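A closer look at the structure
Each chain, letter by letter, is given below.
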Amino acid sequence: MSDDGSALLRIENLSVAYGRRGGRPGQQVLDGVSLHARAGEILGVIGETGSGKTTLARAVVGLAPVDGGRITVDGTEVTGLRGRALREFRRTGRVQYLFQDPLRSLDPDLTVGALVAEPLAATGTGSREQRADRAAEALHRVGLDAGLAGKLPGRLSGGQRQRVALARAVVTRPRLLLADEPVSALDASNRNHVLRLFDRLREELDVAVVVISHDLSSLAGIADRIAVLYRGRLVEQGPTAEVLTRPVHPYTALLTASAPSVRREHSIRAGQLRPRTELPGWALREDRSGCGFAARCPFTDDACRVAPPSAPVGTGREAACHHARTWRTRLPAVTP
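Below or above, wherever it landed, is the structure these notes cover. Since we're looking at a predicted model, the values are computed, not measured. (Residues numbered from 1 in each chain as written. Predicted model: local features only at pLDDT ≥ 70, side-chain atom pairs only at ≥ 80, totals over all residues. Heavy atoms only, no water.)

In terms of regular secondary structure, the protein is built from 10 helices and 12 strands. Computed over the C-alpha atoms, the radius of gyration of the protein is 21 Å, within 12% of the 20 Å expected from 2.2 N^0.38 for a compact globule of 336 residues. The buried share of the protein, taken over its 336 residues, is 48%. Long-range pairs, those at least 24 residues apart, make up 63% of the contacts in the protein with a sequence separation of at least 6. The positive charge centre, built from 47 side chains, and the negative charge centre, built from 36, are 3 Å apart in the protein. (Helix = DSSP H or I, 4+ residues; strand = E, 2+ residues; numbered from the N terminus. Rg over C-alpha atoms; globule rule 2.2 N^0.38 Å. Buried < 20%, exposed > 50% of the residue type's maximum accessible area, 1.4 Å probe, protein only. Contact = heavy atoms within 4.5 Å. Lys, Arg positive; Asp, Glu negative; His and termini not counted. Charge placed at Lys NZ, Arg CZ, Asp CG, Glu CD.)

Laid out in structure tokens, this is it:
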């Protein structure tokens, strides 16, 4: 999807493969993914387990082997950064990564205050007193009392730990925040609180936020746009309300029809999207030359032997489906 040049994060035709050695091909995890995020915007990345969501975020911060394409952050191309150049870029604090499990990502032997101030020490920001003040400010920003600064993370609740991790991520006042499944381990109350924090922080800090999730309902209330991944390919992206109410890719329709809190947005039921039993044999192979969703799609035909390119479908939307404009007319009737 094209942008007007104001994107803070720009990913172009990104491919990632693990296990590549010599001339042997590796396991393709991402294949030709292109998307962008602007300052002050929340981009939701949705997909089932194994779709490449986390690998996408890890590639942005140099933790995944980029096989092709470009990643640009705040005007700096980071794809080819290695060694000292990569370390120096990380120390600017412009990009922060919020890991999925705060209990494992927070050092159990450091106090909350030391944990939150640590990124400032790594970037060489201010004196010890100034770093402590910034840490207290970050804790207040995420709704935590400065009195927690002397506690160890093991003494906190799950919701408090996640907010400490978020305070640690925003203490450097980043330009880009990558959040990997930030609410998957939280109860409903804490989940809603953390999601509201993202919504407030993107306005206060003018930060671009990329929230990775397998739970569409978690993104429905906060994301401006949604990008849908399936087996390492971007199958659809567009404004959240439009993706939820009128999905243009059958996989997105299946996701929304299977989510109790969002399926009421359209009339399609999951049963209408079950694949036919007479699928052609080529659609059942592990072959990336064709459409990756062919084996699960009820609308598969010979056109799907070739992987569909991502193409505009209306204003501000893209989908990678040969039948994006027609599959709705082929839906079977709903069985009472």
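After that view of the structure, there is still more to cover.
Quick look at the layout of surface pockets now. In this structure, the largest pocket spans a volume of roughly 610 Å³. If you go around the largest pocket, you meet 21 residues; those closest to its centre are R90, V95, Q96, Y97 and F99. At the level of secondary structure, the elements contributing two or more residues to the lining of the largest pocket comprise α2 (83-91), β6 (95-98), α4 (112-122) and α6 (158-170). Residue composition of the lining of the largest pocket, by class: 12 nonpolar, 4 polar and 5 charged. Of the volumes computed, that of the second largest pocket is approximately 310 Å³. Lining of the second largest pocket is provided by 23 residues; of these, D31, R233, L234, P308 and A320 occupy positions nearest its centre. Mapped by element, the contributors of at least two residues to the lining of the second largest pocket are β2 (27-38) and β10 (233-239). Of all the elements, β10 adds the most residues to the lining of the second largest pocket, at 4 residues. Residues belonging to the lining of the second largest pocket are distributed by class as follows: 10 nonpolar, 7 polar and 6 charged. (1 Å grid on protein atoms, 1.4 Å probe; cavity = no way out; pocket = protein on both sides within 12 Å on 5 of 7 lines; lining within 4 Å. Points joined across faces, edges and corners; volume = space filled by probe spheres on them. Nonpolar A, V, L, I, M, F, W, Y, C, P; charged D, E, K, R; others polar.)

Using the criterion set out here, one finds 5 aromatic pairs in the structure. With centroids separated by 5.2 Å and ring planes inclined at 90 degrees, the aromatic side chains of Y230 and F293 adopt a geometry described as edge-to-face. Taken together, the residues span a long stretch of sequence, with Y230 in strand β9 (residues 225-230) and F293 in the loop between α10 (250-258) and β11 (311-312) at a distance of 63 residues. Judged by relative accessible area, which is 3%, F293 ranks as buried. Their ring planes at 35 degrees and their centres at 5.7 Å tell us that F299 and W327 sit as a pair that is tilted. (Phe/Tyr/Trp six-rings, centres within 6.5 Å; stacked < 30°, edge-to-face > 60°.)

Next up on the list: the pattern of salt bridges. All told, the structure shown has 16 salt bridges when counted by the stated rule. Among the salt bridges present, the one from R141 reaches E137, with a minimum N-O distance of 3.0 Å. One end of the pair, R141, and the other, E137, are both in helix α5 (residues 128-141), 4 residues apart, so they sit about a helical turn from each other. What makes R141 buried here is its relative accessible area of 19%. (Salt bridge = Lys/Arg side-chain N within 4 Å of Asp/Glu carboxyl O.)

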